[in-house]
Structures are given as C-alpha cells and as structure tokens.
Amino acid sequence: MREELHGELVEKHAEEWRPQRHGWPNPANSPASLAALDKAITICVTKGRSVRTTHRLTKPRASIGKVGGGADMQIDDPEVCPLHCAVAITENGVRLYDLDSMNGTYIDDERIQVADLQDLSVFRIGLTEFVVSVVPNGNETV
C-alpha cells in the first residue's frame, strides 16, 4: 500500500520539479523550445544495468529516475531515486538538474546541483553513467 501511495505522489508532483529556483526554463514558446526543434538531443546509458538505453528529448525538459518511478527516462539502478534528476533544453545546449536526490548527480566525480552540458558530456547517477549527444537536425547519424 505504501509503495502505491508513493507512486501516486511521485506522479502527482512530477510537474512540480524543484529546479524552478535554478532558472528552470518555461516550456511554453520559450527560445529553448524553439531551439529544441533545430537539434537532436539524445541521452544514452553507457555504464550500468541499463546500458544502451537511450532517450531522445522530444520536449523542453525530461526527468530521469528509477524504473517504476514515473520519470520520462527510467533506468534499472538501485541507487537512483524515482525522480532523480532532470534535463532541460536551453538556448546553448542542455542543463542538468539534480532533483534533491539522496545519492546525488555527478560530473567528473563532483556532485552537482545544476550544470550545463554540451555534446558528448558525461554524467552519473547511482551506478549509471550517461553521455549526451547534441546534433543539429539534418546531420543525424544512424
């Protein structure tokens, strides 16, 4: 019963992510939303149980978390929270936000709250490592 209630609460509050205090982009007609249309941004798991899992950003922001937690990109990692971190498309690339997770979000083994990511940036949550790919539309490789 408690797990069901927790899942309902996570889903209910999924849109109330905490990064507003860090300048979370407003998705409605923002320059970032328009910039998203001219890039293909993909997040790929390179290490961990969910290796080779990929998520293409199709909206201005997306959450990353544990399987069953209601996140946009769900990974199998016992060290990851249901809504662990989130990414948002900005005018200059991608911004990574930790969602006050218990175990943290890391870039180069340094715990971060907010960080800007570029093409081929690497970050880690729990035991899972990700790489970000930013490719101008029309130049995607298959």
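Residues numbered from 1 in each chain as written. Predicted model: local features only at pLDDT ≥ 70, side-chain atom pairs only at ≥ 80, totals over all residues. Heavy atoms only, no water.

Asker: Just checking my understanding: could you explain unusual backbone geometry for this structure?
Answerer: Trans is the prevailing form of peptide bonds, just as negative phi is the prevailing case for residues other than glycine. Positive phi is not limited to glycine here, since Arg52 has a value of about 80°. When you line up the elements, Arg52 lands in the loop between strand 1 (39–47) and strand 2 (54–56). One non-glycine residue, Asp100, lies in positive phi territory at about 55°. Among the structural elements, Asp100 can be located in the loop between strand 6 (93–98) and strand 7 (105–107). (Helix = DSSP H or I, 4+ residues; strand = E, 2+ residues; numbered from the N terminus.)

Asker: What's the story with the sheet that holds strand 11 (residues 128–136) in this structure? I'm lost.
Answerer: Remark on secondary structure: sheet strands pair via backbone hydrogen bonds, oriented parallel or antiparallel. Ordered in space as 2-1-11-10-7-8, the 6 strands form an open sheet in which the pairing is antiparallel. Each having just a single partner strand, strand 2 and strand 8 (110–112) make up the two edges of the open sheet. Averaged over all pairs of adjacent strands, the angle between their axes in this sheet comes to 30°, without regard to strand direction. Note: strand 1 against strand 2, 3 bridges, orientation antiparallel. Its bridge partner lying in strand 2, Ile43 is registered against His55. (Pairing = 2+ DSSP bridges. Axes fitted to C-alpha atoms, helices over the stretch in contact; angles between N-to-C directions.)

Asker: What is the right way to look at the confidence of the model for the protein chain in this model?
Answerer: Predicted coordinates in areas of low pLDDT are best not read in detail. When the pLDDT values of the protein chain are averaged, the result is 81; 70% of them are 70 or greater. The low-confidence segment residues 1–15 (pLDDT under 50) makes 7 contacts with residues lying over four places distant or belonging to another chain. (pLDDT = per-residue confidence, 0-100. Contact = heavy atoms within 4.5 Å.)

Asker: Honestly, the nonpolar core in this entry has me stumped. Any pointers?
Answerer: A general tendency of soluble globular proteins is for nonpolar side chains to be buried together. Ranked by size, the top nonpolar core spans 23 residues in total, and within it Ile43, Ile64, Val87, Leu96, Phe123, Phe130 and Val132 carry the most contacts. Elements represented by at least two residues in this core include exactly strand 1, strand 3 (61–66), strand 4 (73–75), strand 5 (85–90), strand 6, strand 9 (114–117), strand 10 (122–125) and strand 11. (Core = buried A, V, L, I, M, F, W, Y, C linked by side-chain atoms within 4.5 Å. Buried < 20%, exposed > 50% of the residue type's maximum accessible area, 1.4 Å probe, protein only.)

Asker: I'm lost on the environment of Val94 in this one. Help?
Answerer: One can find Val94 in strand 6. On the basis of relative accessibility, which here comes to 1%, the residue Val94 falls in the buried class. Each C-alpha atom, one on Val94 and one on Gln118, is 6.5 Å from the other, the two residues being 24 residues apart in sequence. Not counting chain neighbours up to four residues away, the residues in contact with Val94 comprise Ile41, Val87, Ala88, Ala115, Asp116, Leu117, Val132 and Val134.

Asker: Whenever I open this one, the environment of Asp108 confuses me. Can you help?
Answerer: With respect to the secondary-structure elements, Asp108 resides in the loop between strand 7 and strand 8. Given a relative accessible area of 74%, Asp108 falls into the exposed group. C-alpha separation for the pair Asp108 and Phe123, spaced 15 residues apart in sequence, amounts to 7.3 Å.

Asker: Before we go on, may I ask you to explain the sheet that holds strand 9 in this structure?
Answerer: Spatially, the 5 strands line up as an open sheet ordered 4-3-5-6-9, and their pairing is mixed. With one partner strand each, in any of the chains shown, strand 4 and strand 9 form the two edges of the open sheet. With direction set aside, neighbouring strand axes in the sheet form an average angle of 20°. In this structure, strand 6 lies alongside strand 9, joined through 4 bridges in antiparallel fashion.

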